[in-house]
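The lines below spell out each chain.
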Amino acid sequence: MTTLSLRLPDELLHEVETFAEQMHIPRAAYVRKALEQMNASVAAQRRRTRLMEVSLKVRTESMLVNAEFDEIEDVPNA
């Protein structure tokens, strides 16, 4: 496991220590869990963004196909 050194505002560190104590877990475990949750949140947001992009592209393509069908819908069979 790699060691990470960081600077935290005193108030944030106090909150981390308080919550870790209340949960009966070491401070480092609390911080690791917070980072894991943040990573999961960022990954989920990226998936949502990508899904929206792909959805818009598919919708645009679907509208083009619908327009093509509209043009030939009333054309009699040859």
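Going by the structure above, here's the rest.
Each value, and the rule that gives it
Residues numbered from 1 in each chain as written. Predicted model: local features only at pLDDT ≥ 70, side-chain atom pairs only at ≥ 80, totals over all residues. Heavy atoms only, no water. Helix = DSSP H or I, 4+ residues; strand = E, 2+ residues; numbered from the N terminus. Rg over C-alpha atoms; globule rule 2.2 N^0.38 Å. Buried < 20%, exposed > 50% of the residue type's maximum accessible area, 1.4 Å probe, protein only. Areas by Shrake-Rupley, 256 points an atom, 1.4 Å probe, with all protein chains shown as cover. Lys, Arg positive; Asp, Glu negative; His and termini not counted. Charge placed at Lys NZ, Arg CZ, Asp CG, Glu CD. Salt bridge = Lys/Arg side-chain N within 4 Å of Asp/Glu carboxyl O. Phe/Tyr/Trp six-rings, centres within 6.5 Å; stacked < 30°, edge-to-face > 60°. Patch = residues over 30% accessible without salt bridge, like charges linked within 9 Å, V, L, I, M, F, W, Y side chains within 5 Å.

Before going further, it helps to examine the overall build of the chain. Along the backbone of the chain there are two helices and zero strands. For 78 residues, the compact-globule estimate of 2.2 N^0.38 gives 12 Å, and the C-alpha radius of gyration of the chain, at 26 Å, exceeds that figure by more than 25%. If one aligns the C-alpha atoms of the chain with their principal axes, the spans along those axes are about 80 × 25 × 25 Å. For the chain, the residues scored as buried account for 5% of the 78 residues in total. By element, 57% of the accessible surface of the chain is carried by carbon and sulfur atoms, the whole surface being about 7600 Å². Between the averaged position of the 10 positive side-chain charges in the chain and that of its 13 negative side-chain charges there is a distance of 12 Å.

As enumerated under the stated definition, the model contains two salt bridges in all. Glu 17 is the partner of Arg 27 in a salt bridge, and the nearest nitrogen-oxygen pair spans 2.9 Å. Taken together, the residues Arg 27 in helix H2 (residues 27-72) and Glu 17 in helix H1 (residues 10-23) connect sequence positions 10 residues apart. Notably, a salt bridge pairs Glu 53 with Arg 50, separated by 3.6 Å at the nearest N-O pair. Taken together, the positions of Glu 53 and Arg 50, both in helix H2 and three residues apart, correspond to about one turn of that helix.

On to unusual backbone geometry, then. For residues that are not glycine, phi is negative in most cases, and the peptide bond is trans in most cases. Positive phi, normally seen in glycine, also occurs at His 24, with a value near 60 degrees. Its place among the elements puts His 24 in the loop between H1 and H2.

Relative to the helices and strands, Pro 26 resides in the loop between H1 and H2. By relative accessible area, Pro 26 is classed as exposed at 55%. The spacing of Pro 26 and Val 65 is 39 residues in sequence and 58 Å in space, taken between C-alpha atoms.

Tallying each qualifying case throughout the model produces one aromatic pair. The interplanar angle of 35 degrees and the centroid separation of 6.3 Å between the aromatic rings of Phe 19 and Tyr 30 together place this pair among those described as tilted. Placement of Phe 19 in helix H1 and of Tyr 30 in helix H2 is noted, with a sequence separation of 11 residues between them. For Phe 19, a relative accessible area of 38% translates into the label partly exposed.

On to a nonpolar patch on the surface, then. Among the surface-exposed residues, Leu 4, Leu 6, Leu 8, Leu 12 and Leu 35 lie close enough to one another that they form a single nonpolar patch of about 460 Å² accessible area. As for its position among the elements, Leu 12 is in helix H1. Take Leu 12: its relative accessible area is 36%, and that puts it in the partly exposed class.

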